[in-house]
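The lines below spell out each chain.
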Amino acid sequence: MSAGGVARLGASVRGQLARACHKYGAGGARAAMSSSAGGSSDLTPGARLRALVQDAASSKQPLQIVGAINAYSALMAEKKGFKALYLSGGGVALSSLGVPDLGITTLEDVCIDARRITRACPATPLLVDIDTGFGTTIFNVRRTIQDVEAAGVAGVHMEDQVVAKRCGHRPNKQIVSTEEMVHRITAAVDARANPDFFIMARTDALATEGLASSIERCKAYVAAGADALFIEAVTELDQYKAFSEAIPGVPLLSNLTEFGKTPLWSLPELAESGACMALYPLSAFRAMSKGADTVFSTLLDKGSVKPCMDALHTREQTYEVIDYHKHEQMLDKFQSNQ
């Protein structure tokens with residue numbers, strides 16, 4: 001699409017929405033960040049995420065967003081000090097359903113896991129993968145945004161693959177037209193109840209159409225109202241630079257998924273290239289999987305877990321994650337008053 005076409009498409013979308021796309025005010029996000037020290041409940045989840053992203057961009061210290069497949073792992077990440085959490089669509093497919101990341105999961109599958117995480121960690125913003133919007137029409141996208149926002153989620157990313165999608169680091173991906181993705185974004189922006197709800201556009205076009213075409217697509221996505229960009233399967237740091245120079249001021253996310261197409265760059269390397277968010281979607285899940293595999297193999301081979309006890313969390317370490325003793329004291333107090 002030409003630059004003129006992008007401009008016309010963006011103007012058309014803004015007219016359909018009948019409101020300006022929410023943008024960061026000068027210094028507004030940093031001010032919000034300062035006022036929310038300690039996770040103030042005065043800010044919505046989306047406002048907290050926006051503040052963190054803007055602070056990362058301003059300080060050139062990329063925000064680390066860590067994947068949590070369930071409420072327990074979300075609590076672990078929060079207690080370690082991470083400021084933002086992520087629920088992967090592939091993670092829901094793998095951990096909750098035991099199926100491949102091939103568009104098999106439903107909106108409700110994602111909402112169930114999202115609600116559990118936001119209830120366990122209400123002060124830490126959660127970014128959620130909604131694949132292609134869970135449906136073939138703008139009405140499906142609208143419902144997805146409404147349901148996910150109602151679950152206490154801070155923001156989402158939505159991609160430009162066809163509905164029968166594939167993992168972003170696998171071959172044979174198929175991409176919809178720029179116009180169709182713009183319609184998805186338009187529907188998402190129009191459906192959010194709070195303008196701070198964070199809507200990120202993901203493009204998988206880099207692997208199929210190349211850099212120049214992907215940049216033109218993303219210009220249209222931003223014109224349609226996307227708050228940030230997720231460029232999937234980046235293979236060179238200079239590609240982030242190209243996006244940041246072509247679309248200045250728009251936050252970029254780097255997906256640092258292990259064993260994929262993208263090298264595991266450092267935070268300083270990402271900052272230098274223009275990315276202000278570093279995503280680790282399934283790092284903890286992969287470690288958990290390897291740990292479970294070790295335990296299962298040891299039990300089968302040795303008939304006991306004793307040879308691999310060092311790989312296990314102790315009972316007290318588990319209790320610390322869930323504040324077990326605090327809950328037990330509440331129960332003791334309740335029962336003593338009966």
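Scroll up a little and you will see the structure.
Residues numbered from 1 in each chain as written. Predicted model: local features only at pLDDT ≥ 70, side-chain atom pairs only at ≥ 80, totals over all residues. Heavy atoms only, no water.

Participant: How should I be thinking about the overall build of the chain in this particular structure?
Facilitator: From N to C terminus, the chain includes 15 helices and eight strands. A burial count over the chain gives 47% of its 338 residues as buried. Restricting to contacts in the chain with at least 6 residues of sequence separation, those with at least 24 account for 71%. Accessible surface, the chain: about 16,200 Å² in total, of which carbon and sulfur atoms supply 54%. (Helix = DSSP H or I, 4+ residues; strand = E, 2+ residues; numbered from the N terminus. Buried < 20%, exposed > 50% of the residue type's maximum accessible area, 1.4 Å probe, protein only. Contact = heavy atoms within 4.5 Å. Areas by Shrake-Rupley, 256 points an atom, 1.4 Å probe, with all protein chains shown as cover.)

Participant: Which parts of the structure should I look at to understand the nonpolar core?
Facilitator: Most often, soluble globular proteins keep nonpolar side chains buried together rather than apart. In this structure, Val128, Ile185, Tyr221 and Leu229 are the most contacted members of the largest nonpolar core, which totals 61 residues. Residues within four places of Leu229 in sequence aside, it is in contact with Met200, Ala201, Cys218, Val222, Ile247, Val250, Pro251, Leu252 and Leu253. Of all hydrophobic cores here, the second largest spans 18 residues; its members include Ile65, Leu127, Met200 and Leu279. (Core = buried A, V, L, I, M, F, W, Y, C linked by side-chain atoms within 4.5 Å.)

Participant: Help me understand the environment of Gln146, please; the structure alone is not making it clear to me.
Facilitator: Mapped onto the secondary structure, Gln146 falls in helix 7 (residues 138-150). The spacing of Gln146 and Arg192 is 46 residues in sequence and 6.2 Å in space, taken between C-alpha atoms.

Participant: Got a minute to help me understand the sheet that holds strand 7 (residues 252-255) in this structure?
Facilitator: What holds strands together in a sheet is hydrogen bonding between their backbones, with the strands either parallel or antiparallel. Pairing in this closed barrel of eight strands is parallel, and the strands run 1-2-3-4-5-6-7-8 around the ring. Each strand of the sheet is rotated relative to its neighbour by a mean of 25°, with strand direction disregarded. Inspection of the sheet shows strand 1 (residues 63-67) paired to strand 2 (residues 84-87) by three bridges, in the parallel sense. Bridge pairing in strand 2 links Ile65 to Ala84. Together, strand 5 (198-203) and strand 6 (228-231) form the strand contacts of helix 10 (residues 211-223), whose direction differs from that of strand 5 by roughly 160°. (Pairing = 2+ DSSP bridges. Axes fitted to C-alpha atoms, helices over the stretch in contact; angles between N-to-C directions.)

Participant: Please explain the packing of helix 4 (residues 71-80) against helix 6 (residues 107-120) as it appears in this structure.
Facilitator: For any two helices packed against each other, the geometry is given by the interaxial angle and the distance between the axes. Interhelical geometry of helix 4 versus helix 6 gives an angle of 35° and a closest axis separation of 8 Å. In terms of crossing hand, the pair formed by helix 4 and helix 6 is right-handed. Residue-level contacts link Ala71, Ala74 and Leu75 of helix 4 to Arg116, Ile117 and Ala120 of helix 6. Tallied by class, the residues present in the contact of helix 4 with helix 6 amount to five nonpolar, no polar and one charged. (Left-handed = near helix turned anticlockwise from the far one by under 90°. Nonpolar A, V, L, I, M, F, W, Y, C, P; charged D, E, K, R; others polar.)

Participant: Looking at this structure, how should I read the side chain of Thr262?
Facilitator: Of note, Thr262 is situated in the loop between strand 7 and helix 12 (267-273). Overall, the relative accessible area of 5% leaves Thr262 in the buried class. A polar contact of 2.8 Å, which involves the side chain of Thr262, links it to the backbone oxygen of Val234. Apart from residues no more than four positions distant in its own chain, Thr262 is found in contact with His169, Ala233, Val234, Tyr240, Asn255, Leu256 and Thr257. (Polar contact = N/O pair within 3.5 Å; in protein donor to acceptor, adjacent residues only side chain to side chain.)

Participant: In this structure, what is going on with the pattern of salt bridges? I would like to understand it.
Facilitator: Side chains that differ in sign of charge can pair as their charged atoms come close. For the structure on display, the rule yields 20 salt bridges. For Glu159, the salt bridge is made with Lys165, and the minimal N-O distance between the two is 3.2 Å. For the salt bridge of Glu209 with Arg217, the shortest nitrogen-to-oxygen distance reads 2.9 Å. Beyond isolated ion pairs, a larger network of salt bridges with shared partners links Asp101, Asp131, Glu159, Lys165, Lys173, Arg202, Asp204 and Glu232. (Salt bridge = Lys/Arg side-chain N within 4 Å of Asp/Glu carboxyl O.)

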